[in-house]
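# Geometric and topological summary
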Amino acid sequence: QVQLVESGGGLVQAGGSLSLSCAASVRTFSNYAMAWFRQAPGKEREFVVSIAWNGGLTRYADSVKGRFTISRDNAKKAVYLQMNSLKPEDTAVYYCAAARSDLIFISPNQYPYWGQGTQVTVSS
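Residues numbered from 1 in each chain as written. Predicted model: local features only at pLDDT ≥ 70, side-chain atom pairs only at ≥ 80, totals over all residues. Heavy atoms only, no water.

### Here's the deal with the state of the cysteines
Note on terminology: a disulfide is the covalent bond linking the sulfur atoms of two cysteines. Note the following rule: In plain terms, two cysteine sulfur atoms within 2.5 Å form what is called a disulfide here. Numbering of helices and strands starts at the N terminus; helices are DSSP runs of H or I of at least 4 residues and strands are runs of E of at least 2.
For the structure on display, the rule yields one disulfide. What pairs with cysteine 22 in a disulfide is cysteine 96, and their sulfur atoms sit 2.1 Å apart. Here the disulfide of cysteine 22 and cysteine 96 is left-handed, its torsion about the S-S bond being about -80°. With cysteine 22 in strand E3 (residues 18-25) and cysteine 96 in strand E9 (residues 92-100), this pair connects stretches of sequence that are 74 residues apart.

Here's what the structure looks like:
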């Protein structure tokens, strides 16, 4: 029903920046809350940030507050993640997720639709 494709991952030095994009194939993108999760090797999938359908409500994990910024463009059916001041601890596969809801969630179980992930590696 909903297809999500992430892009923009890569290798960056600590303190650097990356910008991720998620393109959605869906009829009405504004019906969906969106989120970014990440998963490092041997770790559970971790909540990063979520954003409501109109972009007016966001929620960030404490580990990324002040460094990461989520945004969305409903006309382009896309969500973005600007990552600044990157740390080696940010190294993970980053996943875009969607849920048809007016609410935003922090649990992976609450998002039915997922992208394939994009690798972000931060070197020291």
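### Brief notes about the pattern of salt bridges
When the charged atoms of two side chains with opposite charge come close together, those side chains can pair. What counts is decided by this rule: Salt bridges, as used here, are contacts in which a Lys or Arg side-chain nitrogen is within 4 Å of a carboxyl oxygen on Asp or Glu. Buried residues are those whose accessible area, probed at 1.4 Å on protein chains only, stays under 20% of the maximum for their type, while exposed residues exceed 50% and partly exposed ones sit between those limits.
The full count for this structure, using the stated rule, is four salt bridges. For the salt bridge of arginine 38 with aspartate 90, the shortest nitrogen-to-oxygen distance reads 2.9 Å. A residue pair is termed long-range when its members are at least 10 positions apart, and arginine 38 in strand E4 (residues 32-39) and aspartate 90 in the loop between strand E8 (78-83) and E9 qualify at 52 residues. Since its relative accessible area comes to 6%, arginine 38 is described here as buried.

### Points about the packing of aromatic side chains
Rules: Each Phe, Tyr or Trp ring, with Trp reduced to its six-membered ring, pairs with another whose centre is within 6.5 Å; inter-plane angles below 30 degrees give stacked pairs, above 60 give edge-to-face pairs, and intermediate values give tilted ones. A ring is scored as having a charge over it whenever the NZ atom of a lysine or the CZ atom of an arginine sits within 6 Å of its centre and within 35 degrees of its normal.
Enumeration over the complete set of coordinates arrives at six aromatic pairs. Among the aromatic residues, those joined into a cluster by ring pairs are Phe37, Phe47, Tyr95, Phe105, Tyr111 and Trp114. Directly above the aromatic system of tyrosine 95 lies the positively charged group of arginine 45, at a separation of 3.9 Å from the ring centroid. The ring of tryptophan 114 carries arginine 45 above its face, with NZ or CZ at 4.8 Å from the centroid.

### With respect to the nonpolar core
Just so we agree on the cut-off: As used here, the term nonpolar core means buried Ala, Val, Leu, Ile, Met, Phe, Trp, Tyr and Cys residues forming a set that is joined through side-chain atoms within 4.5 Å. Contacts: residue pairs with any heavy atoms within 4.5 Å of one another.
Within the largest apolar cluster, 37 residues are counted, with the highest numbers of intra-cluster contacts made by Leu4, Met34, Trp36, Leu81, Met83 and Tyr94. When contributions to this core are tallied by element, the ones reaching two or more residues are E3, E4, strand E5 (46-51), strand E7 (68-73), E8, E9 and strand E11 (118-123). Those residues in contact with methionine 34, other than ones at most four positions away along the chain, are Leu4, Cys22, Phe29, Val49, Ser50, Ile51, Arg72, Val79, Cys96, Ala97, Ala98 and Tyr111.

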